[in-house]
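This is what each chain is made of:
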Amino acid sequence: MRGRTLINVTVLVALFVAAGLAVLGPGLFVQNFLSALSMGSQYALIATGYSMVYGIVRLINFAHGDVFMLGAYLAHYLILFLNMPWWAAMLVSMAATGLIGAGIERVAYRPLRQAPRASLLITAIAVSLFLENAANVVFGARNQAFSARSGLTASRSFEVFGEPVYYQSLLFVVPLITLVALVGLYVFIERSKAGAAIRATAQDVEMARMLGIPVDRMIALVFFVGSALAAAGGVMYSLQYVQIHPLMGILPGIKAFTAAVIGGIGSIPGAVLGGLLLGLAETFVVAFFPGLTSFQQVFAVIVLLVILLVRPTGIVGEDLTEKV
Amino acid sequence: MRNRLLWFISIALIGAALLYLERVAGGWLLARLLSLTAIWAVAAVALNLTNGTAGLPNLGQHGFMLVGAYVTALLTSPKTTAFLMAPWAQSLNLNWLSQSAVVQMTVAVLAGGLVAALFGLAVGIPSLRLRGDYLAMVTLGFGEAIRYVSATDQGTLLTNGGLGIRGVPAVFGGPFAAYVWLVVTLWFLTRFTQSSYGRALKSIREDELAAQAMGINIAYHKVLAFGISAAFAGIAGGLYASWLGTIDPNTFQIFLMTYLLVAVSVGGAGSNTGAVLGTALVVLVRQYLQPLEQSQAPGPLIGWAALATAAALFLVVAAKWRFHKAKTANRTFWRIGVIGGLLAVAGVVLVSGAAPWPWFEEPRSFVGLRNLLLGVCLLLVMIYRPLGALGRSEFGWGLIFDRKDKELSDTERSRDAWLTGEGAAKKGGPEDVSHGGA
């Protein structure tokens with residue numbers, strides 16, 4: 001089975017590359033591929049947070065997109081008021097946003113630990129409403145230009161087979177940061193003691209509690225890590241798209257959720273894979289069919305519907321059927 | 001029988017009063033607010049069918065309202081400023097049908113409901129096979145996507161983009177007309193909820209597997225409920241367009257959905273009358289807290305907020321002290337007391353204007369504060385009273401005449417286990433998935 005999957009994937013990738021080269025030519029293909037990679041890795045970062053939280057408390061954290069927005073705003077003000085370089089602002093913002101995420105869990109989700117899913121869902125919406133409007137009140141409702149000044153967004157070019165490829169250094173930096181963050185996450189989850197405790201909690205809350213694992217603290221930790229990753233995603237997103245506003249998190253949130261579902265919600269590698277695939281799909285659909293440009297932003301919703309129709313468990317997802 | 005008679009009489013009386021109000025003072029703020037309440041209540045009661053009765057979390061009500069509103073506007077507006085629209089869209093009208101504005105508007109609103117229902121089915125069918133969370137996210141995505149598409153270049157051909165469609169006739173904008181629609185909606189949806197369909201939906205909400213074992217066609221009932229809800233949301237959208245006169249994509253932001261969600265959750269999950277009362281509350285809050293968002297010095301505002309929070313905390317402490325069996329001051333107790341005390345001190349300092357920073361003095365606007373308060377309100381309701389004000393019961397004459405109705409029977413209490421979590425608590429932990437796809 002594994003061998004056949006490998007062959008299928010190789011054939012698909014080869015077809016994709018061949019089609020890309022034939023339709024777009026090497027220059028445009030590489031250019032699109034770079035931006036797809038960058039976009040996909042941002043989705044991967046946000047989707048990882050969704051998936052981790054879902055894995056441990058079985059809750060779709062609707063406020064995740066708004067946490068992403070908070071991360072961007074915190075970095076914006078850190079750069080504006082303290083003149084930090086963007087990477088330092090990103091690190092501080094990650095830590096602060098992580099704390100906010102854990103705080104949200106403490107205030108809003110923990111009292112409902114035993115409550116049914118319907119209440120939890122509505123609570124998550126309430127948190128989202130709260131965060132969006134808190135941002136409206138505190139930061140102002142208007143669009144702001146992200147305050148980072150870096151050479152990352154300057155347009156440069158190199159040549160592939162004689163064709164120029166235009167790019168920004170950002171397109172390399174974003175996947176690199178994502179890679180570092182995800183490798184760090186992997187080591188943390190798989191190698192550290194806290195990571196083992198998190199995995200145990202995700203597997204069976206009651207059993208973990210009986211074994212003496214501080215379950216509530218582990219859940220808070222997951223919210224911290226997920227929110228910090230979302231903040232990193234938010235900063236990089238704002239570096240790329242420059243404009244920030246209090247509702248900026250909604251659409252990336254939905255897309256990242258789509259990415260998590262593509263990969264199979266609850267699985268971290270799945271979320272990463274899903275994010276990259278969604279980034280590729282979004283970019284190349286527009287590259288192949290320029291007429292669809294204005295639908296790029298909503299493409300994810302259609303993908304989500306199709307995935308739910310065809311393979312709701314995603315690529316590496318858990319079994320969704322209910323046991324009695 | 002007596003209750004039914006009383007209902008008829010009160011409906012007629014309210015209708016007559018609204019008709020009088022509309023004739024005498026259709027433009028008054030009161031009339032506008034009453035009709036807005038009725039229109040949003042149509043959408044809220046529809047939302048209640050999915051979220052409350054059927055237990056399907058639907059977060060796309062603003063998207064369905066948008067669809068209904070645009071269909072209505074396209075069919076009835078004269079479109080004199082529709083520069084961006086495609087020619088065929090500009091030429092849409094209902095003059096061939098009838099010259100009567102009321103007939104045209106009715107047909108247009110119903111058409112809006114129909115189209116919204118079709119969208120509802122397209123979104124619902126893939127996700128209804130799965131657990132509720134997916135439906136929630138897909139509908140939320142739909143609501144955002146449809147607004148986004150309606151503002152894109154292609155969407156503009158139909159919607160006139162950011163310029164919006166102007167001059168939608170105000171036929172159903174008055175309190176009486178909106179009230180008639182609300183009564184029809186309430187009548188239909190209450191009958192539906194009490195029918196075999198409604199009972200099937202409730203059984204699906206409580207235990208999907210058991211319902212399936214009883215021979216209920218789960219997918220059919222879910223899709224039906226979702227489609228009907230979307231249809232009434234579309235109708236509400238058409239009425240809203242009539243109330244506003246001008247619509248553009250930004251009319252249907254995600255906040256519109258959250259107002260409806262607050263209305264349903266606060267009023268009572270599964271109670272239609274509760275949804276109407278909740279809508280009235282939301283409209284009142286949005287109208288009468290408007291001064292809070294106007295430009296003012298932040299200091300006193302934050303100060304009063306801190307004082308109010310401190311007062312609430314002290315009330316909680318006092319109530320706990322009074323009614324708690326063991327009168328020992330435990331850690332939570334002290335914690336709340338200390339936080340409340342600090343808040344009170346900060347509040348006094350800020351209100352008195354003694355705070356040293358100039359930031360507290362400079363006037364600024366507080367756009368979003370009302371929605372923030374609604375968010376807090378929703379959060380508190382979900383944590384402390386997840387069933388909302390009325391719970392599952394309907395507001396009715398029974399409440400006044402038959403005191404016994406207020407006491408829940410054991411059956412009813414167990415019926416609410418789905419929402420209050422008693423059942424889940426017994427079965428143990430968040431692992432226990434109470435309703436899942438099969």
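Residues numbered from 1 in each chain as written. Chains lettered and ligands numbered in written order. Predicted model: local features only at pLDDT ≥ 70, side-chain atom pairs only at ≥ 80, totals over all residues. Heavy atoms only, no water.

This part covers the pattern of salt bridges. Pairing is possible between side chains of opposite charge, provided their charged atoms come close. Considering all chains together, one arrives at 10 salt bridges over all chains under this definition. A salt bridge links R113 of chain A to E105 of chain A; the nearest nitrogen and oxygen atoms lie 2.1 Å apart. Taking the relative accessible area as the measure of exposure, R113 of chain A reaches 12% and is therefore buried. A salt bridge links R370 of chain B to E293 of chain B; the shortest N-O distance between them is 3.0 Å. Note that R370 of chain B is positioned in helix α17 (residues 369–384) and E293 of chain B in helix α14 (residues 290–293), a separation of 77 residues in sequence. Judged by relative accessible area, E293 of chain B falls into the buried class, the value being 11%. Residues joined in a network through salt bridges with shared partners are E105, R110, R113 and D216 of chain A. (Salt bridge = Lys/Arg side-chain N within 4 Å of Asp/Glu carboxyl O. Buried < 20%, exposed > 50% of the residue type's maximum accessible area, 1.4 Å probe, protein only. Helix = DSSP H or I, 4+ residues; strand = E, 2+ residues; numbered from the N terminus.)

This part takes up the packing of aromatic side chains. What describes a pair of aromatic rings is the distance from one ring centre to the other and the angle between the planes of the rings. All told, the structure shown has 25 aromatic pairs over all chains when counted by the stated rule. Note on F68 of chain A and Y237 of chain A: the rings are 5.3 Å apart at their centroids and 70 degrees apart in plane angle, and the pair reads as edge-to-face. Taken as a pair, F68 of chain A in helix α2 (residues 64–82) and Y237 of chain A in helix α8 (residues 215–241) lie far apart in primary sequence, 169 residues in all. Grouping residues by exposure puts F68 of chain A and Y237 of chain A together as buried. Between F172 of chain B and W181 of chain B the ring centres are 5.5 Å apart and the planes differ by 70 degrees, which places this aromatic pair in the edge-to-face class. Overall, the relative accessible area of 6% leaves F172 of chain B in the buried class. Overall, W181 of chain B belongs to the buried group, its relative accessible area being 13%. Through pairs of rings, three or more aromatic residues link up here, namely F16, F29, F33, F284 and F288 of chain A. (Phe/Tyr/Trp six-rings, centres within 6.5 Å; stacked < 30°, edge-to-face > 60°.)

The next thing to look at is the nonpolar core. Within the largest apolar cluster, 190 residues are counted, with the highest numbers of intra-cluster contacts made by F62, Y109 and F257 of chain A together with W40, M65 and Y240 of chain B. Tallying contributions element by element places α8 of chain A first for this core, with 15 residues. Look past the residues within four positions of Y240 of chain B in its chain and what remains in contact with it is L36, I39, W40, M65, T251, F252 and L256 of chain B. The next biggest cluster of nonpolar side chains, apart from the first, holds 6 residues, and it includes A134 of chain A together with L301, F366 and L369 of chain B. (Core = buried A, V, L, I, M, F, W, Y, C linked by side-chain atoms within 4.5 Å. Contact = heavy atoms within 4.5 Å.)

Residues and elements named next belong to chain A. Pairing of strand β2 (residues 155–160) with strand β3 (residues 163–168), which is carried by 6 bridges, proceeds in the antiparallel orientation. Its bridge partner being in β3, F158 is matched across the sheet by V165. Connecting β2 to the antiparallel partner β3 that follows it, the hairpin turn spans 2 residues, and F161 within it adopts a positive phi of roughly 50 degrees. (Pairing = 2+ DSSP bridges.)

Contacts between the two partners involve 58 residues from chain A and, on the opposite side, 59 residues from chain B. The interface formed by chain A and chain B holds 0 salt bridges in total. Seen at the junction of chain A and chain B, the total is 0 residue pairs in polar contact (both at pLDDT 80 or more). Only α1 (2–57), α3 (86–109), α4 (117–139), α6 (193–203), α7 (205–210), α9 (250–263) and α11 (299–310) of chain A provide two or more residues apiece to the side of chain A that touches chain B. A total of 17 residues in the side of chain A that touches chain B trace back to one element, the largest contributor, which is α4 of chain A. In the side of chain A that touches chain B, the residues fall into 41 nonpolar, 11 polar and 6 charged. (Polar contact = N/O pair within 3.5 Å; in protein donor to acceptor, adjacent residues only side chain to side chain. Nonpolar A, V, L, I, M, F, W, Y, C, P; charged D, E, K, R; others polar.)

Here the focus is the packing of helix α3 (residues 61–76) of chain B against helix α6 (residues 132–151) of chain B. Residue and element names in this part refer to chain B. For the pair α3 and α6, interaxial distance at closest approach is 7 Å and the crossing angle is 35 degrees. Handedness of the crossing formed by α3 with α6: left-handed. In this structure, α3 contributes H62, G63, F64, L66 and V67 to the contact, and α6 contributes F142, G143, E144, I146, R147 and S150. Taken together, the residues that form the contact of α3 with α6 break down as 5 nonpolar, 4 polar and 2 charged. (Axes fitted to C-alpha atoms, helices over the stretch in contact; angles between N-to-C directions. Left-handed = near helix turned anticlockwise from the far one by under 90°.)

Here the focus is the domain arrangement of chain B. We note that the domain assignment places domain 1 (2–291) and domain 2 (295–364) within chain B. Each of domain 1 of chain B and domain 2 of chain B has a C-alpha centre, and these two points are 40 Å apart. (Domains from an automatic or database assignment.)

Moving on: a nonpolar patch on the surface. All names here are of chain A. Together, I7, V11, L12 and L15 make up a nonpolar patch on the protein surface, roughly 410 Å² of accessible area in all. Structurally, the position occupied by L15 is in helix α1. Owing to a relative accessible area of 54%, L15 belongs among the exposed residues under this scheme. (Patch = residues over 30% accessible without salt bridge, like charges linked within 9 Å, V, L, I, M, F, W, Y side chains within 5 Å. Areas by Shrake-Rupley, 256 points an atom, 1.4 Å probe, with all protein chains shown as cover.)

For the rest of this paragraph, the subject is the environment of S227 of chain A. You can see S227 of chain A is positioned in helix α8. Classification of S227 of chain A by relative accessible area gives buried; the value is 4%.

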